[in-house]
Amino acid sequence: MIYIKMTGQKIGTLIAVFLLFSLVGCKVQEKVAENNKMVLWYQSPAKKWTDAFPLGNGKLGAMCFGGTDVERFQLNEKTLWAGSPSNPYAQDYHAKLKKAQSLILEGKIKEANKYGVENMTAAPASFRSYEPLADLLISFDNRDSVQNYKRELDLSQGIHRVTYSAMGSKIISESFISAVDNALYVRIATKGTDKINCSIGLERAKDAIIKALPNGLLQMDGQIVDIEAPMARDENAGGSGAGGEHMRFAARLKTEVTGGSITAMEDRLVVKDADELIIKLTAATDYNLSKLNFDSTIDPAVLANENLNKVIATSWSASKQAHVEDHRNLFERVELDFGNSPKDSLPTDQRLLAYKQEGQDPGLEAQLFQFGRYLLMGSSRADAVLPANLQGIWSERMWAPWEADYHLNVNLQMNYWPADVTNIPETLDPLVNWFELIAEISKPLAKEMYGSDGWFSHHASNPFGRVTPSASSFDSQFNNGVLDALPGLG
């Protein structure tokens, strides 16, 4: 036993030091508790798309399912759209508009509607859809007897995590989409005797060629081929535009393993007996915002390759640190705390069910507030090419509902309501950039169609600058589009 003799002054100093460390410890605990409030979590993998967790950086998006047999990341690239530029409108539109206005002012509403549908509509009534990029699928061997499963989305870090035990080993998976690197990162590690055995692949329903290459590389190259009805289904009764070979796209993937091996087999990478694997994925299209069109001078394969080479040179830990710092720079500008709740410890699905039954959970409401900010950050950033569409950035259907377009009558505005009031004004940049081009492209049409020296856009638009009336059918094109321009009825 050792005794230390101390003076009163030394004792006072020591007490002060202990108090300081105690206060620091309390602050750390408070910060940890605060961050835990920003974690959404479940005790089982997502069974359907709407249960998956979203990641995004304004350019790339992923819905993470957290599967134990097959882990699925449903991917989107913000600029990947079917279709081509088209701004149809009826011949002598301005004169016909005056006619329709006269009929309405005379109280002849039915006659005006019949006249408008027959004379003021033009094909194609609408346009084609935003499309998904691909699915990244990681298929595991020997995932029996899964225990202690948890998947979570850390809103404050922008990181998706999955942990569970299987076959005597603990599996830890983390993923994020970096705005710094414009890449998806996935790390899966095992602690125990059971190693990682899996296959890694990309899948897309159409228009893509996928190849596995040596050294853990996987590539996808594609071009959207639009086919007109009746040879292919068109979601819009009034047509969606010309067929043809349109936008090109590419994705590149690199897998690195610690321990074990990785082998290319046709369109898959096969991993055997690894302790850890890290996946890095990049993607690009040939979309050119300045032209509001795809551009044959842009090679998406070159862009994806160049970006992949950059991220390969960066370690997982460095990439993760840069991502978290960048994400927090935006996310942590606003705090909303309604105090502790007894339901803070519940999984999110149980918490939502309890809220439906009881309607009292201020902590969940604070999470919802921050989740809204998180979604806007994920679908619209300062360096994003396009603004958030109807799906934000996340969409799994080849033909999305309402084309996942830009609905200007309220939906686009709703996406951006949190931008200024929750201190993330940078998310507005891609919206403003796109609108400036919409204004320019519409000026000659404003003169021709409305006799105006200004600019305009009707209620639905797309990355190709559709500003003329559009809707799923010709009836709807007139009622939802043209009538917006008639005084008192828009």
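Given the structure is predicted, the values throughout are model-derived calculations rather than measurements. What you see as residue numbers is a count from 1 along each chain, following the sequence as written. Note on the predicted model: pLDDT of at least 70 is required for a residue's local features to be given, and 80 or more for side-chain atom pairs to be given and counted; whole-chain, interface and lining totals, by contrast, use all residues. Excluded from the side-chain calculation are hydrogens and water; included are all heavy atoms of the structure.

Enquirer: Help me understand the layout of surface pockets in this model?
Expert: The rolling of a water-molecule-sized probe over the atoms marks out the regions of remaining empty space. Grid spacing is 1 Å over the protein atoms alone, the probe is 1.4 Å, and a cavity is where that probe fits but cannot get out, while a pocket is an open set with protein on both sides within 12 Å along at least five of seven lines and lining residues have an atom within 4 Å of a point. Grid points are joined across faces, edges and corners, and a volume is the space filled by probe spheres set on the points. Empty space within the largest pocket amounts to approximately 640 Å³. Taken together, 27 residues form the lining of the largest pocket, with Y42, T50, T348, L352 and F371 sitting closest to its centre. Secondary structure is summarised from DSSP: a helix means a run of H or I of at least four residues, a strand means a run of E of at least two, and numbering begins at the N terminus for each. Listing elements by their share of the lining of the largest pocket, those giving two or more residues are β1 (39-42), β2 (53-56), α6 (348-358) and α7 (362-379). Put simply, Ala, Val, Leu, Ile, Met, Phe, Trp, Tyr, Cys and Pro go in the nonpolar bin, Asp, Glu, Lys and Arg in the charged bin, and everything else, Gly too, in the polar bin. For the lining of the largest pocket, the per-class residue count stands at 16 nonpolar, 5 polar and 6 charged. Size it by volume and the second largest pocket reaches roughly 360 Å³. Along its surface, the second largest pocket is lined by 22 residues, and K59, N182, A283, A284 and L303 are the ones closest to its centre. For the lining of the second largest pocket, the secondary structure elements donating two or more residues are β16 (276-285) and α4 (300-312). Ranked by residues supplied to the lining of the second largest pocket, first place goes to α4 with 5 residues. Each residue belonging to the lining of the second largest pocket can be placed in one class, and the counts come to 10 nonpolar, 5 polar and 7 charged.

Enquirer: In this structure, what is going on with helix α3 (residues 109-119)? I would like to understand it.
Expert: Note that an α-helix has 3.6 residues per turn; residues three or four places apart therefore point the same way. Inspection of α3 places A112, Y115, G116 and V117 among the buried residues, and these make up the whole buried set. Buried residues in α3 make contact with α2 (93-105) and α11 (474-481). Accessibility here uses a 1.4 Å probe with only protein chains present; expressed as a share of the type maximum, an area under 20% marks a residue as buried, one over 50% as exposed, and anything in between as partly exposed. Contacts: residue pairs with any heavy atoms within 4.5 Å of one another.

Enquirer: Just checking my understanding: could you explain the sheet that holds strand β14 (residues 261-265) for this structure?
Expert: In a beta sheet, neighbouring strands are held together by backbone hydrogen bonds and run either parallel or antiparallel to one another. Spatially, 7 strands are ordered β2-β3-β4-β5-β10-β15-β14 in an open sheet, and the strand pairing comes out antiparallel. Only two strands of the sheet have a single neighbouring strand rather than two, namely β2 and β14. Looking at each pair of strands side by side, their axes are set apart by 20 degrees on average, direction ignored. One requirement defines pairing of two strands: DSSP has to find at least two bridges between them. Under this scheme, a helix contributes an axis fitted over its contacting stretch, all axes are lines through C-alpha atoms, and angles between N-to-C directions fall in the 0 to 180 degree range.

Enquirer: Mind showing me how you'd approach empty space enclosed by the protein here?
Expert: Under the counting rule described, the total for this entry stands at 5 cavities of 30 Å³ or more. Each pocket or cavity is described by its volume, and for the largest cavity that value is around 130 Å³. Together, 14 residues line the largest cavity, and G56, I177, H323, H327 and G378 are the ones closest to its centre. Only β2, α5 (316-331) and α7 provide two or more residues apiece to the lining of the largest cavity. Counted by class, the lining of the largest cavity contains 6 nonpolar, 6 polar and 2 charged residues. As for the second largest cavity, its lining consists of G67, E71, F140, V162, Y164, I171, S173 and I188. When residues of the lining of the second largest cavity are traced back to their parent elements, those giving at least two are β7 (159-166) and β8 (169-178). A breakdown of the residues in the lining of the second largest cavity according to their chemical character gives 5 nonpolar, 2 polar and 1 charged.

Enquirer: Would you mind showing me how to read the sheet that holds β16 here?
Expert: Spatially, the 9 strands line up as an open sheet ordered β1-β6-β7-β8-β9-β16-β13-β12-β11, and their pairing is antiparallel. Each end of this open sheet is capped by a strand with a single partner; those strands are β1 and β11 (208-213). Direction aside, neighbouring strands of the sheet carry axes that sit 15 degrees apart on average. Here β1 pairs with strand β6 (residues 147-154) via 4 bridges, running antiparallel. The partner of Y42 across the bridge, within β6, is R151.

Enquirer: Just to check I follow, could you spell out the pairing of β6 for this structure?
Expert: Sheet analysis places β6 next to β7, joined by 6 bridges and oriented antiparallel. Directly across from E152, in β7, lies its bridge partner R161. Where β6 folds back onto β7 in an antiparallel hairpin, the turn is made up of 4 residues, including G158, whose phi is positive at roughly 70 degrees.

Enquirer: Mind showing me how you'd approach the nonpolar core here?
Expert: For our purposes a nonpolar core is just a set of buried Ala, Val, Leu, Ile, Met, Phe, Trp, Tyr and Cys residues, chained together by side-chain atoms within 4.5 Å. Counting 99 residues, the largest nonpolar core has L75, L133, L136, I138, I200, L202 and W434 as the members making the most contacts within it. Setting aside anything within four residues of it in sequence, one finds L136 in contact with E71, R72, F73, L75, L184, I200, G201, L202, L253 and I279. Formed by 9 residues, the second largest nonpolar core is a distinct cluster that contains I159, I278, W316 and V324.

Enquirer: Mind showing me how you'd approach the packing of α2 against helix α10 (residues 429-450) here?
Expert: Between two packed helices, what matters for the description is the angle formed by their axes and the separation of those axes. Contact geometry of α2 with α10 gives a least axis separation of 6 Å together with a crossing angle of 50 degrees. By the angle between their axes, α2 is oblique relative to α10. Contact residues: Y93, H94 and L97 in α2; E448, M449 and Y450 in α10. Angle categories are assigned with fixed cut-offs, so that under 35 degrees is roughly parallel, over 145 is roughly antiparallel, 65 to 115 is roughly perpendicular, and the rest are oblique.

Enquirer: Explain the pairing of strand β3 (residues 60-64) to me, please; I cannot follow it from the model alone.
Expert: Note on strand geometry: in a regular strand, side chains alternate between the two faces of the sheet. The buried fraction of β3 amounts to 5 of the 5 residues, a majority that puts the element mostly inside the structure. Residues L60, A62 and C64 line one face of β3 and the alternating positions G61 and M63 line the opposite face, and both faces are buried. Where β2 meets β3, 4 bridges bridge the pair, whose relative direction is antiparallel. Each residue of the ladder has a partner; that of L55, found in β3, is A62. Pairing of β3 with strand β4 (residues 70-77) involves 5 bridges; the strand directions are antiparallel. The partner of M63 across the bridge, within β4, is Q74. What sits between β3 and β4 in their antiparallel hairpin is a turn of 5 residues, with G66 showing a positive phi close to 70 degrees.

Enquirer: When you look at the packing of aromatic side chains in this model, what are you seeing that I'm missing?
Expert: How two aromatic rings sit relative to each other is set out by the distance from centre to centre and by the angle between their planes. Under the pairing criterion, centres of Phe, Tyr and Trp rings, with the six-membered ring standing for Trp, must be within 6.5 Å; the plane angle then separates stacked pairs below 30 degrees from edge-to-face pairs above 60, leaving the rest tilted. For the structure on display, the rule yields 15 aromatic pairs. Within the aromatic cluster, the residues linked to one another by ring pairs are W81, Y130, Y406, W434, F435 and W455. Above the ring of F331, the side-chain terminus of R373 is found at 5.6 Å from the ring centroid. Distance and angle both matter: a charge sits over a ring if NZ of Lys or CZ of Arg is within 6 Å of the ring centre and within 35 degrees of the ring normal.

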